[in-house]
Amino acid sequence: MPQRVTGRDALLAHMSSFPETFDVEFVDLVFHPTVDPGLVIAEFRSTGTALPTGKPYEQRCVSVVRTDDDARITHYLDYWNPLVAIEALTPHDVPSDPELSVTFGG
């Protein structure tokens, strides 16, 4: 995954395989108020399936979007958990390795 994607064409190229990889619906959209009219903070979920494995793909996301005076997006930052995508894309028959596991939250 690239750390940065710049420009419309680069974004289209980066996201072009998403529909072949995930069948999702974006739900529970919440916009958080800000004092800056050029700043949008949105929280939402994606719910669906990883197509290569048939496994569920349930993701929570936060997007921070900056716009110019013409409401064109000038900066888009997404926060999501890549481990959820990795799990959804890992086939059922791939054994887990306890040496590689990570414990979260305590």
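Residues numbered from 1 in each chain as written. Predicted model: local features only at pLDDT ≥ 70, side-chain atom pairs only at ≥ 80, totals over all residues. Heavy atoms only, no water.

Caption draft 1: Highlighting a nonpolar patch on the surface. On the surface, a nonpolar cluster with roughly 240 Å² of combined accessible area is contributed by Val-5, Leu-11 and Met-15. Checked against the element boundaries, Met-15 lands in helix H1 (residues 8–15). According to the relative accessible area criterion, Met-15 is partly exposed, its value standing at 38%. (Patch = residues over 30% accessible without salt bridge, like charges linked within 9 Å, V, L, I, M, F, W, Y side chains within 5 Å. Areas by Shrake-Rupley, 256 points an atom, 1.4 Å probe, with all protein chains shown as cover. Salt bridge = Lys/Arg side-chain N within 4 Å of Asp/Glu carboxyl O. Helix = DSSP H or I, 4+ residues; strand = E, 2+ residues; numbered from the N terminus. Buried < 20%, exposed > 50% of the residue type's maximum accessible area, 1.4 Å probe, protein only.)

Caption draft 2: Local environment of the layout of surface pockets. Within this model, the largest pocket holds a volume of roughly 1,400 Å³. As for the largest pocket, its lining consists of 34 residues, of which Leu-11, His-14, Met-15, Tyr-76 and Asp-78 are closest to the centre. Mapped onto the lining of the largest pocket, the elements with two or more residues apiece are H1, helix H2 (18–21), strand E1 (22–32), strand E2 (39–50), strand E3 (56–67), strand E4 (73–79) and helix H3 (82–89). At seven residues, the largest contribution of residues to the lining of the largest pocket is made by E4. In terms of residue class, the lining of the largest pocket is made up of 21 nonpolar, 10 polar and three charged. (1 Å grid on protein atoms, 1.4 Å probe; cavity = no way out; pocket = protein on both sides within 12 Å on 5 of 7 lines; lining within 4 Å. Points joined across faces, edges and corners; volume = space filled by probe spheres on them. Nonpolar A, V, L, I, M, F, W, Y, C, P; charged D, E, K, R; others polar.)

Caption draft 3: Expanded view of the packing of aromatic side chains. One pass over the structure, following the stated rule, counts three aromatic pairs. Members of the aromatic cluster, joined through ring pairs, are Phe-18, Phe-22 and Tyr-57. (Phe/Tyr/Trp six-rings, centres within 6.5 Å; stacked < 30°, edge-to-face > 60°.)

Caption draft 4: A look at the nonpolar core. Grouped together as the largest cluster of nonpolar side chains are six residues: Phe-22, Val-24, Ala-50, Tyr-57, Ala-85 and Ala-88. Every element with two or more residues in this core is listed here: E1 and H3. With residues up to four places along the chain from it excluded, the contact list for Tyr-57 reads Phe-22, Val-24, Ser-46, Thr-47, Gly-48, Thr-49, Ala-50, Trp-80, Val-84, Ala-85 and Ala-88. (Core = buried A, V, L, I, M, F, W, Y, C linked by side-chain atoms within 4.5 Å. Contact = heavy atoms within 4.5 Å.)

Caption draft 5: Seen up close, the pattern of salt bridges. Within the structure shown, the criterion is met by seven salt bridges. Residues Arg-66 and Asp-36 are paired through a salt bridge, measuring 3.2 Å at the closest nitrogen-oxygen approach. Of this pair, Arg-66 sits in strand E3 while Asp-36 sits in the loop between E1 and E2; the two residues are 30 residues apart in sequence, bridging distant segments of the chain. Owing to a relative accessible area of 36%, Arg-66 belongs among the partly exposed residues under this scheme. Salt bridges sharing partners connect three or more residues here, namely Asp-28, Arg-45 and Glu-58.

Keep in mind that these numbers describe shape and distance, not what the molecule does.
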